[in-house]
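Survey of secondary and tertiary structure
Here is what each chain is made of, one letter per residue.
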Amino acid sequence: MTQTIIQTGDPVLRELARPVDKVEILSAPMQCLIQAMKETMWAAPGVGLAAPQIGESLQIIVIEDKKEYHQGATQEQLQARERFPVPLHVIINPVLTIESAEYVQFYEGCLSVKDFVGMVPRARNVKVEGLNEKGEPITIRAYGWYARILQHEFDHLQGMLYVDRMDTRTFSTMENYFMNCP
Ligand code: ZN
């Protein structure tokens, strides 16, 4: 079932989320929560969602970057962002490691800071280790936009939002962003 997405200012978005062990992951309420997170992400729509965004302070994220979301962008924009479709997956208790000294700057937004964007530097390459929705260990190596999504969602579990990392002078409404940055 689709959940309301919590907006910035709610303390749950500033908490350190707690890890979830394998037994709890496999429990019916947790599987229901994961399903609700997927449905909420699809409905928004967004390319990722962290459990605190629906009011649950747990270390769970869901990610899916569908090809259809790329239709509004040009090939040049997609290439510059190194953005490719990413299939649906769940990451629990992620540990994120920055794997290159190279940082790239692009505008990003957040479903919990609705209708705004800002320019955020993110590492180009990251490694994420954690568990999937079956409680099995997974390791992800990502670059480009996928690496950005992973860093953004990981931050949510630490109580951080992109506005903490952005160049504050670039903070913009979505409307102005689309007017000024074709
Ligand atoms: Zn977000």
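Structural notes, computed from the coordinates. Because the structure is a prediction, the values reported are computed rather than measured.

**Concerning the coordination of the zinc ion**
- Only Cys110 (SG), His152 (NE2) and His156 (NE2) from the protein coordinate the zinc ion, and they sit 2.1 to 2.3 Å from it.
- Between the donor residues of the zinc ion, the gaps in sequence give the motif C-x41-H-x3-H. Here histidine 156 lies in helix α4 (residues 144-157) and cysteine 110 lies in the loop between β4 (103-109) and β5 (116-123), a separation of 46 residues in the sequence. As far as the burial class goes, cysteine 110 and histidine 156 line up, both buried.

**Describing the nonpolar core**
- One finds Ile63, Val126 and Leu150 to be the most contacted residues of the largest nonpolar core, which totals 20 residues.
- Of all the secondary structure elements, the ones that give two or more residues to this core are β2 (60-65), β3 (86-98), β6 (125-131), β7 (137-143) and α4.
- Among residues more than four places away in sequence, those in contact with valine 126 are Leu96, Thr97, Ile98, Glu99, Ile140, Arg141, Ala142, Ala147, Leu150 and Gln151.
- Judged by nonpolar contacts, the second largest core, of 17 residues, contains Met37, Leu49, Val90 and Leu131.

**Let's talk about the environment of leucine 13**
- Inspection of the secondary structure assignment puts leucine 13 in the segment before α1 (22-25).
- Sequence spacing of leucine 13 and glutamine 53 is 40 residues, and the spatial spacing of their C-alpha atoms is 6.7 Å.

**Remarks on the sheet that holds β2**
- Reading across the sheet, the 5 strands line up as β1-β2-β3-β6-β7 and stay open at both edges, with antiparallel pairing between neighbours. What marks the edges here is a single partner per strand, and that holds for β1 (48-50) and β7. With direction set aside, neighbouring strand axes in the sheet form an average angle of 40°.
- As defined by bridge partners, β1 adjoins β2 across 3 bridges and the pair is classed as antiparallel. Counterpart to leucine 49 in the pairing with β2 is valine 62.
- Contacting β1, β2, β3, β6 and β7, α4 runs over the sheet at an angle of about 65° to β3.

Conventions we followed
- Residues numbered from 1 in each chain as written.
- Predicted model: local features only at pLDDT ≥ 70, side-chain atom pairs only at ≥ 80, totals over all residues.
- Heavy atoms only, no water.
- Donors = N, O, S within 2.8 Å, 3.2 Å for Na, K, Ca; no water.
- Helix = DSSP H or I, 4+ residues; strand = E, 2+ residues; numbered from the N terminus.
- Buried < 20%, exposed > 50% of the residue type's maximum accessible area, 1.4 Å probe, protein only.
- Core = buried A, V, L, I, M, F, W, Y, C linked by side-chain atoms within 4.5 Å.
- Contact = heavy atoms within 4.5 Å.
- Pairing = 2+ DSSP bridges.
- Axes fitted to C-alpha atoms, helices over the stretch in contact; angles between N-to-C directions.

Geometry only, nothing functional implied.
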